[in-house]
Structures are given as C-alpha cells and as structure tokens.
Amino acid sequence: MRLIRLFSIFCLLNINVISHAQDEPSPIEHALFTMTIGSSYPNFIFPVAEWRQDSLSFQVPYYYESVSSLLQYFIPSGEIRITDGRGICKFDFSDEQITIFEGLDCAISVSPDGRYVIYPLQEQICGESCSNLLAVGNLEAGTYATIRKAPDSGNFVRWSEDSSAFLIMDYGQVGGIGGIWYIKMPENGTLESALEPILLENFSVGDIGFVDISPDGQQVLIRGNGTTHEGLTLWDVRSESSDQQFAAWADGQIILRDQATAGASFLPDDEQHLLIILEQGVVLYDLETEQIQIINPDVNTRWAEWAYFSPDLRYVLVYDSWPGGLEGEQLTLFEVNPASQDH
C-alpha cells in the first residue's frame, strides 16, 4: 500500500491559485488558472512536466525543503495534490505480477495501447545516490526487459501515440546531469534482453528544456541545438547515425536556429507542421516553407520560459520564473486556441 502525502499546500508551499471560474483577476488574460509558488532555495520546480493521456491532469517535479515531490493539478475539479516524488502510480501490479516482473507494486507509466508498463525493479543502481532500475513489462506476454541507463532522482516518460517508442526525461541526481533517452520497442513486442536507450542530449539539473515525440515514434523535438537554448533540434531515428554520444545534437536537424522557443509539439496526421511557442505566440510552423501562422499571441517567449502541450493539444502548461519581476515561480494553464472552443 502506497501512502500519498496530501499536504495543506496553501500554507506549507505558499501556493496561490487564481481561477477564472471564480471570477478572480489573473495576471494573464485568458488563462484558465495561474499558480504562483514562493521560490527560495531549496524550494524549486524542475523544468519538466508530464500530462496524463486523457489531457485532464498534469504533474511537475517539485523540491520542497530538499524533499523530492510531485505537484499534480486536475483540470475538471481544480484539485491540487503533492505526492511522493518517485512517481505516481499508473498501474497496480497484482501479487502474481510482482513476482513475474520482479518489480515494485506500482508502474509509473502505461503505453497508450495498454500493452506495456514502465516500472521500477527491486534491483537498484547507484551513483551519487541510489535509484531503482527501470524495466518495461509486456502485460500480455508476462515478459520484461530492463532499461540500461544512468541512475536518477526522478524521471518522466512520454510515449508515442502508437506505443512503438518512448522517451525518458530524467532530471539526474541533485548536483549532476540529467538527460533525454529514446527507447524503441521491439517490432514483435518481445521483451527478452535489456533495452539499450539512445542518449539524445544531456543537461544540467534545473536547465530549461522540453521534449516531444512524434505520433509514429520516429522523430523527436528537443529545445536548443547543443550550444544554445535557441531554436529546435528535430531528430529522426531513421537518419544515418554518426555514433556520437548525444545523438540529437550530433545528427539532428536544427530549425529556427536564432529564435527563442518555449515549447513545441508534433501534430497528429500532419508531418508538415509543428506547434511551437515563439516570440509571436503559439504558432503553426510549416517545415517546408518555414512560414508561421499565429494561433495564440498570449503565450509567447517574452515571458514564457518553457511549456508542455497536452496530448490532445487543447491545453498548454507554461512556466515563468520571477513573474512580473517578483520573486517566485509561476505555472499558468491556457487553452491553445481559445477561439476554437465552445464555452
């Protein structure tokens, strides 16, 4: 039985939530809600977010008084939870499955088709501190494979829509280096030997970043290009590899090289366009013509530092440090294209 620690968050974490449903003023017009968190070391948010597949809730890693936690927000109810930072359970193993998969009692991620789970093994790997090895389990076949990667103090998983591949964005160990790892599932789904992930990039803990994987699992979008945070790197698993350590930076295609970006997403059934946050706002970017169409000017890099789009592309979660020049950190939720929604 896992214990979910629910805190009196408004007092302990100094969180203020401004909701338009309550007709309260918001610092950003059209925001669905704004959450401001008093920030002073060792309290801070890691620059990464994970959406649930139903696009109705998200979670971000949060350090409060040196304790690793996860901050969850549920859109329909407006509920906020603070939970243990090692991951929120997405699938409960039965006693028999715990024996078969040699794991702990909870999976941290389930593939969109419901066939695979990613979960911590009982075995640990150690660096500056220790963490449980991760594995992928096939629920139908009752087989699993370990994932060979460095230890971390927490991670998020992002699956491709067709469940053929996934990304692990780990935020390293405190004082160390995090990274983005690409894992391709075996064609026949057989999990017998360890999976060897491809390290796409690394980054210092706390660096601003974002990542997305294409619906078919063949391409990845990463912020920056290895030397700066500007532009985007588009990496394709089918491209010829130079066998260098950081595959995205070594073999990827750089787009919008000199422009600040705060978030990006692939589009379903549309390989020609990307959804990107630039200085002009949320834009539809054409990979062939390099032309843009502005979708929402409110969400832009003049204030947004990083952002993650929901799987259905209806919402975008945006992060800003020192909002309005004030001390603190701010998370704001928007509809990507408010004009398209019926209210």
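Our subject is the structure listed above.
We now turn to the structure provided with this report. It should be emphasised that the depicted structure is a prediction, and the values quoted were computed from it without experimental measurement.

On to the overall build of the protein. Within the protein one finds 3 helices and 28 strands. In the protein, buried positions account for 52% of the 343 residues. Contacts in the protein between residues at least 24 apart in sequence constitute 45% of all its contacts with a sequence separation of at least 6. Split by element, the accessible area of the protein, about 15800 Å² in all, is 47% carbon and sulfur.

Moving on, we get to the packing of aromatic side chains. Within the structure shown, the criterion is met by 16 aromatic pairs. Aromatic side chains Phe93 and Phe101 sit 5.5 Å apart centroid to centroid with 25° between the ring planes, which places their arrangement in the stacked category. The exposure classification of Phe93 matches that of Phe101, with both residues buried. Members of the aromatic cluster, joined through ring pairs, are Phe33, Trp51, Phe58, Tyr73 and Tyr315.

What follows covers the side chain of Thr332. Here Thr332 lies in strand β28 (residues 329-335). Dropping the residues within four chain positions of it, Thr332 is found in contact with Ala31, Phe33, Thr34, Trp303, Val316, Leu317 and Val318.

A few words on a negative patch on the surface. On the surface, Asp113, Glu161, Asp162 and Asp269 cluster together into a negatively charged patch. Locating Glu161 in the fold gives a position in the loop between β14 (155-159) and β15 (165-170).

The next thing to look at is the sheet that holds strand β25 (residues 292-296). The strand order across the open sheet formed by 4 strands is β22-β23-β24-β25, and the pairing between neighbours is antiparallel. Either end of the sheet is taken by a strand with one partner, and the two such strands are β22 (263-267) and β25. In this sheet, adjacent strand axes meet at a mean angle of 25° when their direction is disregarded. As judged from the 5 bridges shared by β22 and strand β23 (residues 270-278), these two strands associate in the antiparallel manner. Across the sheet, the residue bridging to Ala264 is Ile276, located in β23.

This model, assessed by the stated rule, comprises 6 salt bridges. Its salt-bridge partner being Arg148, residue Glu196 comes within 3.1 Å of it at the nearest N-O pair. Here Arg148 lies in the loop between β13 (143-147) and β14 and Glu196 lies in the loop between β16 (177-184) and β17 (198-204), a separation of 48 residues in the sequence. Given the relative accessible area of 56%, Glu196 is considered exposed. Between Glu335 and Arg314 there is a salt bridge, and its shortest N-O distance comes to 3.0 Å. In this pair, Glu335 is assigned in strand β28 and Arg314 in the loop between β26 (306-309) and β27 (315-321), connecting sequence segments 21 residues apart. Given a relative accessible area of 30%, Arg314 falls into the partly exposed group.

Take the nonpolar core next. Ranked by size, the top nonpolar core spans 37 residues in total, and within it Leu200 and Val220 carry the most contacts. Counting 17 residues, the second-largest nonpolar core is a separate cluster that includes Val157, Phe166, Trp181 and Leu191.

For the rest of this paragraph, the subject is the side chain of Gln59. Inspection of the secondary structure puts Gln59 in strand β5 (residues 57-64). Of the polar contacts made by the side chain of Gln59, one reaches the side chain of Glu50; its length is 2.9 Å.

Let us look at the sheet that holds β13. Across a sheet, strands are paired by hydrogen bonds formed along the backbone, either parallel or antiparallel in direction. Pairing is antiparallel across the open sheet formed by 4 strands, whose spatial order is β10-β11-β12-β13. The sheet is open, and its two borders are formed by β10 (109-110) and β13, each paired with just one other strand. Looking at chain direction, β10 and strand β11 (residues 116-126) are connected through 2 bridges and run antiparallel. Paired with Ser109 across the bridge in β11 is Ile118.

Let us now look at the pairing of β28. Here β28 lies mainly inside the structure; 7 of its 7 residues are buried. Where burial is concerned, the two faces of β28 agree: the one with Glu329, Leu331, Leu333 and Glu335 and the one with Gln330, Thr332 and Phe334 are both buried. Judged from the 5 bridges that link them, strand β2 (residues 33-37) and β28 form a sheet pairing that is antiparallel. Within the sheet, the bridge partner assigned to Phe33 lies in β28 and is Leu333.

Conventions we followed
Residues numbered from 1 in each chain as written. Predicted model: local features only at pLDDT ≥ 70, side-chain atom pairs only at ≥ 80, totals over all residues. Heavy atoms only, no water. Helix = DSSP H or I, 4+ residues; strand = E, 2+ residues; numbered from the N terminus. Buried < 20%, exposed > 50% of the residue type's maximum accessible area, 1.4 Å probe, protein only. Contact = heavy atoms within 4.5 Å. Areas by Shrake-Rupley, 256 points an atom, 1.4 Å probe, with all protein chains shown as cover. Phe/Tyr/Trp six-rings, centres within 6.5 Å; stacked < 30°, edge-to-face > 60°. Patch = residues over 30% accessible without salt bridge, like charges linked within 9 Å, V, L, I, M, F, W, Y side chains within 5 Å. Salt bridge = Lys/Arg side-chain N within 4 Å of Asp/Glu carboxyl O. Lys, Arg positive; Asp, Glu negative; His and termini not counted. Charge placed at Lys NZ, Arg CZ, Asp CG, Glu CD. Pairing = 2+ DSSP bridges. Axes fitted to C-alpha atoms, helices over the stretch in contact; angles between N-to-C directions. Core = buried A, V, L, I, M, F, W, Y, C linked by side-chain atoms within 4.5 Å. Polar contact = N/O pair within 3.5 Å; in protein donor to acceptor, adjacent residues only side chain to side chain.

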